[in-house]
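Next come the chains, spelled out residue by residue.
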Amino acid sequence: VASREDALAVIDPNSYADWDKALDTFDRLRRDTPVVRIDSPDGEFDSFWLLTRYEDAMRVSKDNAHFLNAPRPSVFTSKQGEEFARQITRAQGDESPNLVSSLVALDAPKHPQLRRLTQEWFMPKNLRTIEAAVRELAAKTADRFVAAGPEADFVPLVAAPYPLHVVMQILGVPEEDEPRMLFLTQQMFGGQDEELNKSGLANLSPEQIFQIVTGAVADFEAYFEGLAAQRREHPTTDVATLLANADISARDRAGYYIIVAAAGHDTTSASTAGAMLALARDPEQFAKVKADRSLVPGIVEEAIRWTTPVQHFMRTATEDTQIGDVTIKAGDWLMINYVAANHDPAQFDNPRKFDATREANRHIAFGAGAHQCLGLHLARLEMRLLFEALLDRIDSVELAGEPRRAKSTFVGGLKTLPLRFSAC
Ligand code: HEM
């Protein structure tokens, strides 16, 4: 069992804000107790096993028969959050609106049936059909950034709005409705960490949070049923049209929209900001990639490993099994910690170094197995096009202040990145 201090380091949102300290804790746990039980110091959540080795994270992620995503794919870190998660889980059995009829909280046979509906759409071949539109958006975003110079915060101007806009476009949400959709997704994830406070939910009871969250889900569902009706009448080639014409229930359709909308922006935003941070700290690397654009994909891939925006997902074991020295019992809950796995020195030389020339950068930031990120090719495409556009417009860049990290155990990354730069 991990010490109280280590347990807090893993589940306290504040602890990820001090990144090096969090990595130190993972290094120590990986060395001494690579599979360790985390007990909630205040009984706020059920105990789980923390995995810090890359090879264990890979094995569990790929074994979808013995390690299930449902019913609780992520751990909540506040009392309200955990109680809210329990209520959502209870509501799963009936027709109450719930968050969890989404890909990431489903297992076979329903998971592959739903995933198949959009799998091809998200493959590189199809993404070529949206490349010109994404490139145009990247150019506009880069222009706006340069116009705000010579000093500007990269996160609110570039890293946050750009991926949000792309994901809303592919879901068919018109620009004027984007703020409403963003607000609803924040409310739906109201039980989570920093967002809890942002949505003003921190002081409410679990019942009140449950009402707000399920209300947001119902609004979302109604909105997308309207949009689906429009797409059935006037089909296009977007994801919205695919889902509109799929033979699935309104709840499954809403769950699908929700997971794509929610998974598609904060994640890409965090690794985009991480890539820019690495370039701002290393003028030599910036000069190299500016002179040779074939290095951009390496920068993108390393930024995704180095930042590991999705910090964990949970699994539930279906039968007794051995991981390292530990026997996991059927029904036990496990945390795949992607941050720890992506900083495992057994897999990555000098893991804390940002090294865009890493050979075979087989990181696990996108997960692995049946639930591996559906949007991974889109995330890479978005980032590549954005950095090409930025490198066309900027000659040099450096930090203009200390960046601030998100306080979250789930999706992390930078919330501010003050930069000073010179335009070409
Ligand atoms: C699943 C990370 C971008 C949509 C996942 C999972 C991870 C992840 C770790 C696996 C969950 C599991 O194994 O249980 C990331 C990172 C991103 C990113 C690091 C950016 C750098 C995107 C984008 C989209 C997206 C751009 C869509 C527009 C999804 C969906 C799933 C998922 C729908 C659920 C897949 C399933 O359960 O079958 N992502 N993601 N993600 N991601 Fe991403």
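Here the structure is shown first, and the text comes after it.
Because the structure is a prediction, the values reported are computed rather than measured.

Quick notes on the overall build of the protein chain
- Counting secondary structure elements, the protein chain contains 19 helices and twelve strands.
- By the burial criterion, 56% of the 424 residues in the protein chain qualify as buried.
- The contacts in the protein chain between residues at least 6 apart in sequence include a share of 73% that link residues at least 24 apart.
- When the accessible area of the protein chain is evaluated, it comes to approximately 17,800 Å², of which 51% is carbon and sulfur surface.

Side note on the site of the ligand
- The full set close to the ligand counts 29 residues, and His111, Arg115, Arg315, His371 and Cys373 are the nearest of them.
- A distance of 2.9 Å separates an oxygen atom of the ligand from a polar atom in the side chain of arginine 315.
- Between tyrosine 338 and the ligand, the recorded distance is 3.5 Å, taken from a side-chain N or O atom to an oxygen atom.
- For the shell around the ligand, the secondary structure elements donating two or more residues are helix 6 (110–119), helix 14 (250–263), helix 15 (266–281), strand 5 (312–317) and helix 19 (376–393).
- Looking at the shell around the ligand residue by residue, the class counts come to 18 nonpolar, nine polar and two charged.

Focus: the nonpolar core
- Among the nonpolar cores identified, the biggest contains 104 residues, and Phe145 and Phe154 are the most heavily contacted of them.
- Per element, the largest residue contribution to this core is eleven residues, and it comes from helix 19.
- Ignoring sequence-local partners within four residues, the contact set of phenylalanine 154 consists of Phe145, Ala159, Thr272, Ala273, Met276, Leu390, Leu417 and Leu419.
- Counting 20 residues, the second largest nonpolar core, distinct from the first, contains Leu23, Leu29, Phe48 and Leu50.

Observations regarding the coordination of the iron atom of the ligand
- A lone protein donor binds the iron atom of the ligand: Cys373 (SG), at 2.3 Å.
- Within the secondary structure, cysteine 373 sits in the loop between helix 18 (338–341) and helix 19.

Comments concerning the packing of aromatic side chains
- In the structure shown here, the tally under the stated rule is eleven aromatic pairs.
- Between tyrosine 54 and phenylalanine 348, the aromatic rings sit 5.7 Å apart at their centres with planes inclined by 90°, giving edge-to-face as the arrangement. Of this pair, tyrosine 54 sits in helix 4 (residues 54–62) while phenylalanine 348 sits in the loop between helix 18 and helix 19, placing them 294 residues apart in sequence. For the pair tyrosine 54 and phenylalanine 348, a shared accessibility class is recorded, and that class is buried.
- For the ring pair phenylalanine 145 and phenylalanine 421, a centre distance of 4.4 Å and an interplane angle of 25° mean the geometry is stacked. Taken together, the positions of phenylalanine 145 in helix 7 (residues 124–147) and phenylalanine 421 in strand 12 (residues 418–423) put the pair 276 residues apart, joining distant regions of the chain.
- Taken together, the ring pairs connect Phe220, Tyr223, Phe224 and Tyr257 into an aromatic cluster.
- A cation sits over an aromatic face here: arginine 305 above phenylalanine 348, 5.2 Å from the ring centre.
- Taking the ring centre of tryptophan 19 as reference, the NZ or CZ of arginine 405 above it sits at 4.3 Å.

Observations concerning helix 17 (residues 296–307)
- When the terminal C-alpha atoms of helix 17 are compared, their 16 Å separation across twelve residues agrees well with the 16 Å that a helix rising 1.5 Å per residue should span.
- Where burial is concerned, most of helix 17 is hidden: ten out of the twelve residues are buried.
- Taken together, the buried positions of helix 17 are Val296, Ile299, Val300, Glu301, Glu302, Ala303, Ile304, Arg305, Trp306 and Thr307.
- In this fold, the buried residues of helix 17 make contact with helix 3 (19–32), helix 15, helix 16 (283–291) and helix 19.

Details of the side chain of histidine 343
- For histidine 343, the location among the structural elements is in the loop between helix 18 and helix 19.
- Excluding its chain neighbours within four sequence positions, the residues that come into contact with histidine 343 are Trp19, Leu23, Asp27, Arg30, Arg305, Trp306, Pro351 and Arg352.

Quick notes on the packing of helix 7 against helix 9 (residues 161–170)
- Helix 9 packs onto helix 7 with a crossing angle of 150° between their chain directions and a minimal axis gap of 10 Å. It follows that helix 7 is roughly antiparallel to helix 9 by the angle criterion. Remark: the crossing between helix 7 and helix 9 carries right-handed chirality. In this structure, helix 7 contributes Ile130, Val134, Leu137, Ala138, Thr141 and Arg144 to the contact, and helix 9 contributes Pro161, Tyr162, His165, Val166 and Ile170.
- Residues of the contact of helix 7 with helix 9, tallied by class, amount to eight nonpolar, two polar and one charged.

Basis of the calculations
- Residues numbered from 1 in each chain as written.
- Predicted model: local features only at pLDDT ≥ 70, side-chain atom pairs only at ≥ 80, totals over all residues.
- Heavy atoms only, no water.
- Helix = DSSP H or I, 4+ residues; strand = E, 2+ residues; numbered from the N terminus.
- Buried < 20%, exposed > 50% of the residue type's maximum accessible area, 1.4 Å probe, protein only.
- Contact = heavy atoms within 4.5 Å.
- Areas by Shrake-Rupley, 256 points an atom, 1.4 Å probe, with all protein chains shown as cover.
- Near = heavy atom within 4 Å.
- Polar contact = N/O pair within 3.5 Å; in protein donor to acceptor, adjacent residues only side chain to side chain.
- Nonpolar A, V, L, I, M, F, W, Y, C, P; charged D, E, K, R; others polar.
- Core = buried A, V, L, I, M, F, W, Y, C linked by side-chain atoms within 4.5 Å.
- Donors = N, O, S within 2.8 Å, 3.2 Å for Na, K, Ca; no water.
- Phe/Tyr/Trp six-rings, centres within 6.5 Å; stacked < 30°, edge-to-face > 60°.
- Lys NZ or Arg CZ within 6 Å of the ring centre and 35° of its normal.
- Expected span 1.5 Å × (residues − 1).
- Axes fitted to C-alpha atoms, helices over the stretch in contact; angles between N-to-C directions.
- Parallel < 35°, antiparallel > 145°, perpendicular 65-115°, else oblique.
- Left-handed = near helix turned anticlockwise from the far one by under 90°.

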